Amino acid sequence: MIYSEKALSNFLEFRNTGSIKGADATAKIVNKECGDIFKIFTKIENGIISEAKFQAFGSVLVFASLSAAVDIILGKTPVEIQNISLQDLLRKLDQFPKSKIYILKNTIDVIQKLSEILISADSKIKKYTFEDDLNKKDDETYENSEVVDLVKNNEKSSKNEKNKKLTAEDVCEIFESMPTVKTKPLSRKEIKTEILVTTSRKKNKKPEDVLEHSATSEDFGSVDEIDSITARLSEALSRLKTK
Amino acid sequence: MVNRVYLDNAASSPISSEVYREMLNSFSNHYANANSLHSFGRETSLALEDARNKIAKAIGASSNEIFFTSGGTESNNWSIIGIAKANRDRGNHIIVSEIEHHSVIEACKVLQNDGFEISYVPVDNRGIIKYNELVKLIRPETVLISIMTANNIVGTIQPLYAISELAKSNNIFFHTDAIQAVGEIDIDVKRLNIDSMSISAHKINGPKGIGAVYLRRGIRIEKLLVGGEQERNMRAGTLSVPVVVGFAKAIEIATKNMGENIRIKNQLKKYFFRKIKETIPNIFLNGHSSQRLSGNLNLSFEGINGEALAVLLDEYGVAVSATTACESTTMYPSHVLLAMNLEPSRVFSAVRFSLSKENTEGELDFVVEKLSKAVKKLRSVSPVRLYNMRGGRDDI
């Protein structure tokens, strides 16, 4: 038997298909070599993924993998879905030709991209007022901006967490990140980068993990933006690390 | 009431009742080893030689030119590797087409590691080899040309006579994989100047596990299996005589009623294709419109992956092949469709229907109904937009 019962039933009863109008995040993969094209649409409500749908042109395993993946991400937060691993999908699919494992990896990549978009979009919403301010007053310092506020919050939290035996390294990282925000005006993208860093740090993620997820995004079709974010992110992280 | 239809006869076909009866009889009578000295063995040996005669007659060979093998794969492996190695003194260059079966291509790769050079003849978008390219590929050290008689995936039939003439005039051995072509083309190995030919039983309503190689008398070939003097000391191993008997019966039936079978299958195929075109838009016919096997219909359904369609059809009770049975487990698309230079979208969405003469119009109506349902379901979730809704533009 080529496919296990689980994988096959995931295909035959594929669900959550279609598109979402006004989706908060959409990610697409085009694997030219293997002829797979698939798209996932997600909608966020109260910080969790309330709706997710997919469209696919691909083999049985593409449908099975996406059906399973959508089941997994529904009801989770964008940060939670970053942690979805190959094992989670494998558990839902059981057995299939080994050569097709790339489909599962592609699915994970799409989920990762979705979470990146959702996290950055989330920060974008927060930042709107700040950006408007930025456009109005060009030479204003960033003392009032939310980015700085965020750092200040971190400062506060780090102070609080000092009691919780925060390592010197962590504190150092947080303080080191302050000048990079203050020294020069940030473009929109740079802000996103910074937010990404702080968000992932909040979740106690190692910097290596963040880098790894970002690296996978090179498989995507139109990801210039993500690529540049990845570059900036790794730059920011290396800066943090060296200091 | 039809609830299941088998349209994958090119992968393997059901045993016909006549073959089954013949085999059943043989199973109870021919249990001795055909190489034994006693009367039981002699009887078995007689049955074996009778079968060999029938097969030789069906392809215009003499019986001492037929060697039984375990099937098409061994036939192809043995012919290519055996002839190339035994004739190495004549050269180390082999020419095969890009659309050969894997049992030929992989055999060539084995030889490549052994110091042979392999050239691949390209095909046009209908699957016919480019004759001019073949001529250009011939070198003084070319020792073997192998071009399949008819392709298993798109069913295109090659201009065999022209190729074998070219090989003969250049003093090159010519091997052809005729596994799909038996019972579809009148193959006379003498008239067609074929040096070596592979055939198999289970594509023509015979049993699995048996095939044969025709080797022109006097051709040098190295052994693949050793350790016994069976098959005139060319292939070691005790043959299953009842299975050989079944093979002989199957090939006898297939060649005897060939014209009538082709007519029936062509008629069914035309009916089927017309019905599909009427019900499903955006389909393409892959392969040649007339130079093709009568049972083969290879179609691409735009916007749908062939494998997904085949599995969904199976759920609805229709057995078809996504490109080919052996390739559907790998991640790569059919090398045949790629060699034909089709658009990627067409390559990935190809499905092969292979009809037998036992199929009925009622069965085909059932298939069209299920096919239309499956295509609609998969197209509804496809991100590929069908800009240009149209019926099949090709015709058989």
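See the structure shown above.
The structure presented is a predicted model; accordingly, all values stated were derived computationally and were not measured. For every chain, the first residue of the written sequence is number 1, and numbering continues from 1 along that sequence. Note on labels: chains are lettered from A, ligands numbered from 1, in written order. Local features in this predicted model are restricted to residues of pLDDT 70 or higher, and side-chain atom pairs are both shown and tallied only at a pLDDT of 80 or more, whereas totals for entire chains, interfaces and linings draw on every residue. Hydrogens are left out, water is left out, and the side-chain values use all remaining heavy atoms of the structure.

Trainee: Sorry, what's going on with the overall build of chain B here?
Mentor: Starting at the N terminus, helices and strands are each numbered in turn, a helix being any DSSP run of H or I of at least four residues and a strand any DSSP run of E of at least two. The helix and strand tally for chain B stands at 13 helices and 12 strands. The reference for a compact globule is 2.2 Å times residues^0.38; the radius of gyration itself is calculated from the C-alpha atoms. Relative to the globule expectation of 21 Å for 396 residues, the C-alpha radius of gyration of chain B, 22 Å, shows essentially globular dimensions. When its C-alpha atoms are laid out on the principal axes, chain B stretches across 70 × 55 × 35 Å. Residues counted as buried form 59% of the 396 residues belonging to chain B. Residues are treated as being in contact if the distance between any of their heavy atoms lies within 4.5 Å. For chain B, the share of sequence-separated contacts (at least 6 apart) that also reach a separation of at least 24 residues comes to 75%. Surface accessibility in these figures is a Shrake-Rupley result with a 1.4 Å probe; residues are shielded only by whichever protein chains are displayed. Within the structure as shown, chain B displays about 16200 Å² of accessible surface, and the carbon and sulfur contribution to it stands at 50%. For chain B, the distance from the average position of its 46 positive side-chain charges to the average position of its 42 negative side-chain charges is 2 Å. Burial status follows relative accessibility: with a 1.4 Å probe on protein chains alone, a residue under 20% of its type maximum counts as buried, one over 50% as exposed, and anything between as partly exposed. Positive: Lys, Arg. Negative: Asp, Glu. His and the chain ends are not part of the count. To locate a charge, take NZ of a lysine, CZ of an arginine, CG of an aspartate or CD of a glutamate.

Trainee: Mind showing me how you'd approach the environment of N125 of chain B here?
Mentor: Residues and elements named next belong to chain B. Of note, N125 is situated in the loop between β4 (117–121) and α5 (131–137). Along the primary structure N125 and G287 are separated by 162 residues, whereas in three dimensions their C-alpha atoms are 7.2 Å apart. Sequence-distant contacts of N125, that is, excluding residues within four places in its chain, are made with M340 and L342.

Trainee: I tried to follow the interface of chain B and chain A on my own but got confused; where do I start?
Mentor: It is common to give the size of an interface as the accessible area lost on bringing the parts into contact. Taken together, the contact pairs 23 residues of chain B with 23 residues of chain A. The working definition used for a salt bridge is a side-chain nitrogen of Lys or Arg within 4 Å of a carboxyl oxygen of Asp or Glu. Taken together, the connections running from chain B to chain A amount to one salt bridge. Here E307 of chain B ties to K100 of chain A by a salt bridge, and the two come within 2.8 Å at their closest N and O atoms. Within 3.5 Å is the distance limit for a polar contact, defined as a pair of N or O atoms, with the added protein rule that one can donate a hydrogen and the other accept it, and that residues adjacent in sequence qualify only through two side-chain atoms. If you look at where chain B meets chain A, you find five residue pairs in polar contact (both at pLDDT 80 or more). Put simply, the parts of the chain that give the side of chain B that touches chain A at least two residues each are α10 (306–315), α12 (344–348) and α13 (361–380) of chain B. Per-element tally for the side of chain B that touches chain A: the top contributor is α10 of chain B, with five residues. Of the residues assigned to the side of chain B that touches chain A, the class counts are 12 nonpolar, seven polar and four charged. Residue type decides the class: Asp, Glu, Lys and Arg count as charged, Ala, Val, Leu, Ile, Met, Phe, Trp, Tyr, Cys and Pro as nonpolar, and the leftover types, Gly among them, as polar.

Trainee: How should the pattern of salt bridges be read in this particular structure?
Mentor: Note that side chains of opposite charge can pair when their charged atoms are close. Evaluation of the coordinates by the stated rule reveals 25 salt bridges over all chains. Its salt-bridge partner being R15 of chain A, residue D71 of chain A comes within 2.7 Å of it at the nearest N-O pair. Remark: R15 of chain A occurs in the loop between α1 (5–12) and β1 (25–31) and D71 of chain A occurs in helix α2 (residues 60–73); sequence separation between them is 56 residues. The exposure class assigned to D71 of chain A is partly exposed, which follows from its relative accessible area of 27%. Judged by relative accessible area, R15 of chain A falls into the partly exposed class, the value being 27%. Of the charged contacts in the structure, one is a salt bridge between D124 of chain B and R126 of chain B, with a shortest N-O distance of 2.9 Å. R126 of chain B gets classed as partly exposed once you look at its relative accessible area, which sits at 36%. Among the ionic contacts, a cluster of salt bridges with common partners joins E49, R52 and E231 of chain B.

All quantities given are derived from atomic positions and should not be read as evidence of function.
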